[in-house]
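Fold and geometry: a report
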There are 2 protein chains.
Amino acid sequence: MTRQLDFQQTFLRNRRTHISMAHGGGGQLTDDLVQSVFLPRFGNEALNDLLDSAVVPLNGASRMAMTIDGYVVQPLKFPGGDIGRLAVSGTVNDLAVTGARPQAIALGLILAEGLDQDVLEDVMDSIAATTAEAGVQVVTGDTKVVGRNQADGMYITTAGIGTFVRKSRLHPDRIEPGDVIIVNGPIADHGLAVMLAREMPQVKSALRSDVAPLNNMIQRLLAAVPDISFMRDPTRGGIAGLCADLAARTGWHIRLDETRIPIRPETHHAAEMLGLDPLDVANEGKVVIVARASDADNVLNALRNEPLAADAQIIGQVEQPADGLCELVTKMGGRRVIHKPYGEQLPRIC
Amino acid sequence: MTRQLDFQQTFLRNRRTHISMAHGGGGQLTDDLVQSVFLPRFGNEALNDLLDSAVVPLNGASRMAMTIDGYVVQPLKFPGGDIGRLAVSGTVNDLAVTGARPQAIALGLILAEGLDQDVLEDVMDSIAATTAEAGVQVVTGDTKVVGRNQADGMYITTAGIGTFVRKSRLHPDRIEPGDVIIVNGPIADHGLAVMLAREMPQVKSALRSDVAPLNNMIQRLLAAVPDISFMRDPTRGGIAGLCADLAARTGWHIRLDETRIPIRPETHHAAEMLGLDPLDVANEGKVVIVARASDADNVLNALRNEPLAADAQIIGQVEQPADGLCELVTKMGGRRVIHKPYGEQLPRIC
């Protein structure tokens, strides 16, 4: 008993004093790092919002959106995408979900010595194709090379800037009880496709990552339904992390209906094999939209005309008890509270 | 002879088909990568300029500057600075030398599992202090964690955006014969301080990196002398790389006077010990200014009031023969052509 306690204390001490994989998982430990290390040092109006992209006030009345993300996915190429498509889509989507129109991308490469130039060129082809699809330009870049085995082939960091055409902001503060929660299609494809490719390369599966730039779809949606409350892309931490976060942040109750959450059979199968809950798994071509109930049909109609949202569904609702919890009504009619994933179930998937 | 030829051919083939440290050195091989891999895929008006920051046209008439840089320096802390001060200064300076006023910084961290949290916090303290010194804000960030030994402690990628208050652009196209070349102080401190700390930690030296944000100094200079032709910070590739590049790009002849190039005795000593030419070595708190000869005194007077430019000097001149070459007049009165460094003499110094 004493020994076990000692072990736990050592574990807790190490976790506090050294970085673990879990600190990069987008879950509770990432939040701890943000709250204890970054915000006390850098806190300012733009950063404190902690949204997918920051709103930067410029000289005069104008403002811009800015975002940055690192990509360390392994393998570099996976079913449905690669690190290049991921880097562009992630940055474009982080801008688009805040209501910004992506304008320019900056590309920071860290390459390992010995990387096959063909691999580099394939990834650059993919970046070129994805930026063309999204309608953005790579305007600047930087390349650093580190020693063999000091980076797994390639890390990419992309930053993006965007402009706002709307006056009103998409912000969690706008969320109200009664709002519906909508997703543009089947969940958990990205994280599970990458994990399956890495952990069980022998398994044949139809599963493919959903990675895609969503900005054009989102802009058409905002044109059709201007009064959307909020949007966010459920990447690290998945639907569970996003909805638990929103409940905690807004203080309302969020109810998710398991029967209404779209999930492909092959995704479900992969999740079972890997022992993962699809709700916790990252998506890279999905957006969660919070809208007034009176707009629900308009949102679904607008989305279902889109190739990237043909299977859009209402998956839940914001409700009155101000308990700050997210609850899942299971297929069996049971109810369980959904927590933000604590640490890192899925290392290196983005 | 045949064997040697075979060896050379294999070497050349490998160099072409695999990434080497030299591809990240900011020299000729980096240029090759830019010309053969990046520009054909991403080429656009903003990118093609290949300046320190891109000028991004926005909706309407306004435009912004955007830049990105990765930092992989080893050791993370070195005499005179650390990776955090380097990352902020590098980004701020890349914006400032194009005439932009830095507005916001985005911070992308890639951490290795097991990194001591105290090291992370020290670097974040340094970033906070340097952003305060420069008067910019960290508005957004991202943290990824990779496995133990998969990144040497920490890589940082910083992106920055800035606004333009000037109408006219600082651009190499504005350079004319007769223009003087000015540097704000002694050269080569950064690269040699890092190399000495890494390669000869037993050597005691007064040498310290010059890493510093130059934006406030540059803005005061531009207010005092609005008609500067061009500026650039001589980072990777050093003064040699910058001046050889400018000569090639403008087509004019650039003459540097070795006797007028300021260099500290301890820097000279370190260069001798490490077998390096100070002209090739990266600076992180220096700017090379090209100005009309009639403005030379105004520039020097404005600079010499600045703590970061007390030893500013005219180090050369743009001359008439349109041969696209940079030439150094040595202390002995000899002349030699200065080439852009080919590859990577100084790995991982930024």
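It should be emphasised that the depicted structure is a prediction, and the values quoted were computed from it without experimental measurement.

Turning our eyes to something else, we now look at the interface of chain B and chain A. Contacts between the two partners involve 75 residues from chain B, matched on the other side by 75 residues from chain A. Carbon and sulfur atoms make up 64% of the surface buried where chain B meets chain A, a total of about 6400 Å² over both sides. At the junction of chain B with chain A, the criterion picks out eight salt bridges. Between Arg236(A) and Asp142(B) there is a salt bridge whose closest N-O contact spans 2.8 Å. Scanning the region where chain B abuts chain A turns up 27 residue pairs in polar contact (both at pLDDT 80 or more). Considering only residue class, the side of chain B that touches chain A consists of 39 nonpolar, 24 polar and 12 charged.

Further remarks concern the relation of the copies chain B and chain A. Relating the two copies of this chain is a rotation about some axis coupled with a shift parallel to it. Mapping chain B onto chain A calls for a rotation angle of 180° and an axial translation of 0.0 Å; the resulting RMSD is 0.0 Å. On the angle and the small slide along the axis, the relation comes out as a two-fold axis. The residues that chain B uses at the interface reappear at the interface of chain A in 100% of cases, marking a shared surface.

Turning our eyes to something else, we now look at the pattern of salt bridges. Applying the stated criterion across every chain yields a total of 48 salt bridges over all chains. Close ionic contact of Glu199(A) with Arg198(A) constitutes a salt bridge, the shortest N to O distance being 3.3 Å. According to the relative accessible area criterion, Glu199(A) is partly exposed, its value standing at 44%. On the basis of relative accessible area, Arg198(A) is assigned to the partly exposed category, the value being 24%. Salt-bridge contacts for Arg169(B) lead to Asp49(B); the nearest nitrogen and oxygen are separated by 2.8 Å.

All names here are of chain B. Here five strands make up an open sheet; going across it, the order is S1-S2-S7-S5-S6 and the pairing mixed. Looking at which strands have only one partner, the edges of the open sheet turn out to be strand S1 (54-57) and strand S6 (137-146). In this sheet, adjacent strand axes meet at a mean angle of 20° when their direction is disregarded. Two elements, strand S5 (residues 100-112) and S6, share nine bridges in a ladder whose sense is parallel. When the bridges of S6 are listed, Ile105 appears paired with Val138.

Now for the environment of His269(A). Residues and elements named next belong to chain A. Along the polypeptide, His269 turns up in helix H9 (residues 265-274). For His269, a relative accessible area of 49% translates into the label partly exposed. A sequence separation of 169 residues divides His269 from Ala100, and the C-alpha atoms of the two residues are 36 Å apart.

Right, let's talk about the packing of helix H6 (residues 189-199) of chain A against H9(A) for a bit. The geometry of a pair of packed helices is captured by two quantities: the angle between their axes and the separation between those axes. Residue and element names in this part refer to chain A. It is the contact of H6 with H9, at a shortest axis distance of 10 Å, that shows an interaxial angle of 50°. One way to sum up the angle between H6 and H9 is to call them oblique. Handedness of the H6/H9 crossing: left-handed. Taken together, the residues of H9 that come into contact with H6 (itself represented by Asp189, Leu192, Met195, Leu196 and Glu199) are Thr267, Ala270, Ala271, Met273 and Leu274. Split by residue class, the contact of H6 with H9 holds seven nonpolar, one polar and two charged.

What follows is about the pairing of S5(B). Residue and element names in this part refer to chain B. Most of S5 sits inside the fold, with 12 of its 13 residues counted as buried. Bridge analysis of S5 against strand S7 (residues 154-164) gives 11 bridges, and the strand direction is antiparallel. If you follow Leu109 over to S7, its bridge partner there is Ile156. In this fold, S5 hands off to helix H5 (residues 117-134), which returns the chain to S6; that crossover is right-handed.

Summing up the model confidence of chain A, the mean pLDDT is 92 and the portion of residues at 70 or higher is 94%. This complex was scored by the predictor with a pTM of 0.93 and an ipTM of 0.93.

Residues and elements named next belong to chain B. For helix H8 (residues 238-250), spanning 13 residues, the distance from its first C-alpha to its last is 18 Å, which sits close to the expected 18 Å at 1.5 Å a residue. Gly238, Ile239, Ala240, Gly241, Leu242, Cys243, Ala244, Leu246 and Ala247 are the residues of H8 that are buried. Gly251 sits one or two residues past H8 and shows a positive phi near 85°.

Let's shift gears to the state of the cysteines. All names here are of chain A. Taken as a whole and assessed by the stated rule, the structure comprises zero disulfides over all chains. A disulfide-free cysteine, Cys326 has its sulfur positioned 4.9 Å from the sulfur of Cys243, the nearest such atom. Note on Cys326: relative accessible area 2%, which makes it buried.

On to the sheet that holds strand S13 (residues 326-329) of chain A. Residue and element names in this part refer to chain A. A sheet is described by the order of its strands in space; here seven strands give the open sequence S9-S11-S8-S12-S10-S13-S14, paired in mixed fashion. Strand pairing shows two members of the sheet lacking a second neighbour, strand S9 (230-232) and strand S14 (335-338), which therefore form its edges. Within this sheet the neighbouring strands show an average axis-to-axis angle of 25°, counted without direction. In the packing of helix H8 (residues 238-250) onto the sheet, the strands contacted are strand S8 (180-183), S9, strand S10 (253-257), strand S11 (288-291), strand S12 (313-319), S13 and S14, and the crossing angle to S10 comes to about 155°.

Here is what the cut-offs are and how they apply
Residues numbered from 1 in each chain as written. Chains lettered and ligands numbered in written order. Predicted model: local features only at pLDDT ≥ 70, side-chain atom pairs only at ≥ 80, totals over all residues. Heavy atoms only, no water. Contact = heavy atoms within 4.5 Å. Buried area = accessible area lost by both parts, 1.4 Å probe. Salt bridge = Lys/Arg side-chain N within 4 Å of Asp/Glu carboxyl O. Polar contact = N/O pair within 3.5 Å; in protein donor to acceptor, adjacent residues only side chain to side chain. Nonpolar A, V, L, I, M, F, W, Y, C, P; charged D, E, K, R; others polar. Least-squares fit on C-alpha atoms with pLDDT ≥ 70 in both. Buried < 20%, exposed > 50% of the residue type's maximum accessible area, 1.4 Å probe, protein only. Pairing = 2+ DSSP bridges. Helix = DSSP H or I, 4+ residues; strand = E, 2+ residues; numbered from the N terminus. Axes fitted to C-alpha atoms, helices over the stretch in contact; angles between N-to-C directions. Parallel < 35°, antiparallel > 145°, perpendicular 65-115°, else oblique. Left-handed = near helix turned anticlockwise from the far one by under 90°. Right-handed = clockwise from strand over helix to strand, strands pointing away. pLDDT = per-residue confidence, 0-100. Expected span 1.5 Å × (residues − 1). Disulfide = S-S within 2.5 Å.

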